[in-house]
Amino acid sequence: MATVQAEPYEFDFDPRTCALIIIDMQRDFVDPGGFGEALGNDVSLLRKAVQPTQRVLAAARAAGMAVIHTREGHRPDLFDLAPAKKARGKLKTGIGDPGPMGRILVRGEYGHDIVDELKPIEGEPVIDKPGKGAFYATDLDAVLKSKNIRQLIVCGVTTEVCVNTTVREANDRGYDCLVLEDCVASYFPEFQRVGIAMIKAQGGIFGWVAKSEQLLPVLASFAKR
Ligand code: TIU
């Protein structure tokens, strides 16, 4: 077992039954010239999470932990795109339309894929999800159960949307979540602050929060064994 200093109190985990999950670190959300920027967002706020997540990813791999990646997106025929999701925002250019990096949030397109710095490697499942939560309409729960995973260390974007939704879904399914606050990011500084606060409030109502610097030495101690 290992212990990370976290809030609201220490997070105890066994790296054999704990997975790193990296949520939606896709070019369309994170990179200049993508969908997120086209919507008027400052993507540099999201980019800030990439390097810390890269360090955590390397450390988790070295410690032999399970690593899971997710991507938000849809089938090229869009049969899994709810009309309500398509209509939301009244966007001129929305999901499924040609965008700066290919069809927006469509599987197989350049913008839909994960940024180069956090590219999955063989043996790391990639969960393609049509919703904000990574459990909705995916096989994530089955994948975690097959690996005997009971706890999740969470990185990714955006804090208040796909990260929070996934953490809440995980919580209701009996998983413990540790969210790394420098490895998650929002286009809105206020939502970053509140999105993190909501997780650890009320005795950790949805889970735990720590900084990556608190986790990295713990993972390193497993890599040496
Ligand atoms: N991955 C994710 O958070 N999807 C979003 O649409 N996020 C926004 O903040 N819009």
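Described below are features of the structure shown in this document.

Rules used in this analysis
Residues numbered from 1 in each chain as written. Predicted model: local features only at pLDDT ≥ 70, side-chain atom pairs only at ≥ 80, totals over all residues. Heavy atoms only, no water. Helix = DSSP H or I, 4+ residues; strand = E, 2+ residues; numbered from the N terminus. Rg over C-alpha atoms; globule rule 2.2 N^0.38 Å. Buried < 20%, exposed > 50% of the residue type's maximum accessible area, 1.4 Å probe, protein only. Contact = heavy atoms within 4.5 Å. Areas by Shrake-Rupley, 256 points an atom, 1.4 Å probe, with all protein chains shown as cover. Lys, Arg positive; Asp, Glu negative; His and termini not counted. Charge placed at Lys NZ, Arg CZ, Asp CG, Glu CD. Near = heavy atom within 4 Å. Polar contact = N/O pair within 3.5 Å; in protein donor to acceptor, adjacent residues only side chain to side chain. Nonpolar A, V, L, I, M, F, W, Y, C, P; charged D, E, K, R; others polar. Core = buried A, V, L, I, M, F, W, Y, C linked by side-chain atoms within 4.5 Å. Pairing = 2+ DSSP bridges. Axes fitted to C-alpha atoms, helices over the stretch in contact; angles between N-to-C directions. Disulfide = S-S within 2.5 Å. Phe/Tyr/Trp six-rings, centres within 6.5 Å; stacked < 30°, edge-to-face > 60°. Lys NZ or Arg CZ within 6 Å of the ring centre and 35° of its normal.

From N to C terminus, the protein includes nine helices and 10 strands. For 225 residues, the compact-globule estimate of 2.2 N^0.38 gives 17 Å, and the C-alpha radius of gyration of the protein, at 17 Å, lies within 12% of that figure. Expressed along its principal axes, the backbone C-alpha trace of the protein runs to roughly 50 × 35 × 30 Å. Across the 225 residues of the protein, 51% fall into the buried class. Looking at the protein alone, contacts between residues at least 24 apart form 75% of all its contacts between residues at least 6 apart. Carbon and sulfur atoms make up 54% of the accessible area of the protein, which totals about 10,300 Å². Of the charged side chains in the protein, 28 are positive and 30 negative; the average position of the first set lies 1 Å away from that of the second.

The environment of the ligand is made up of D24, F29, E72, K132, V157, T158, V161 and C162. Here a nitrogen atom of the ligand sits 2.8 Å away from a polar atom, N or O, in the side chain of E72. Between the ligand and T158 there is a distance of 2.8 Å, counted from an oxygen atom to a side-chain nitrogen or oxygen. Here the ligand, which alone exposes 280 Å², has 83% of that area covered by the protein. Here the shell around the ligand is built from residues that sort into four nonpolar, one polar and three charged.

This part is about the nonpolar core. Core analysis: the biggest nonpolar cluster contains 44 residues, and F13, L20, I153, L178 and L180 have the highest contact counts within it. Looking at which element gives the most residues to this core, the answer is helix α4 (residues 50–62), with five residues.

Read from one edge to the other, the open sheet built from six strands follows the order β7-β4-β3-β8-β9-β10, with strand pairing classed as parallel. The sheet is open, and its two edges are formed by β7 (126–129) and β10 (208–210), each paired on a single side. The mean inter-strand angle of the sheet, taken between neighbouring strand axes irrespective of direction, is 25°. Of the pairings in the sheet, the one linking strand β3 (residues 18–23) to strand β8 (residues 151–157) comprises six bridges and is parallel in character. Following the sheet pairing, I22 is matched in β8 by C155. Of the strands in this sheet, β9 (176–185) and β10 touch helix α8 (residues 189–204), which is tilted by about 165° from β9.

Side chains on a regular strand alternate between the two faces of the sheet. The buried count for strand β4 (residues 66–72) comes to seven of seven residues, which makes it a mostly enclosed element. Residues of β4 alternate between two faces, with A66, I68, T70 and E72 on one and V67, H69 and R71 on the opposite face, all of them buried. Two elements, β3 and β4, share five bridges in a ladder whose sense is parallel. Opposite I23, over in β4, you have T70 as the bridge partner. Sheet topology note: the β4/β7 ladder contains four bridges and is parallel. When the sheet's bridge partners are listed, H69 is paired in β7 with V126.

This part takes up the state of the cysteines. By definition, a disulfide links two cysteine residues through a covalent bond between their sulfur atoms. Counted by the stated rule, this structure contains zero disulfides. Of all cysteine sulfurs in the structure, the one in C18 sits closest to C177, which takes part in no disulfide; the separation is 9.2 Å. No disulfide involves C183; its sulfur sits 4.1 Å from the nearest other cysteine sulfur, which is in C155.

A word on the packing of aromatic side chains. Applying the stated criterion to the full structure yields five aromatic pairs. Centre to centre, the rings of F11 and W208 are 5.1 Å apart; their planes meet at 65°, and the pair counts as edge-to-face. Of the two residues, F11 is situated in strand β2 (residues 11–13) and W208 in strand β10; the sequence distance between them amounts to 197 residues. One exposure class covers both F11 and W208, and it is buried. Taken together, the ring pairs connect Y9, F11, F13 and W208 into an aromatic cluster. Directly above the aromatic system of Y110 lies the positively charged group of R27, at a separation of 3.7 Å from the ring centroid.

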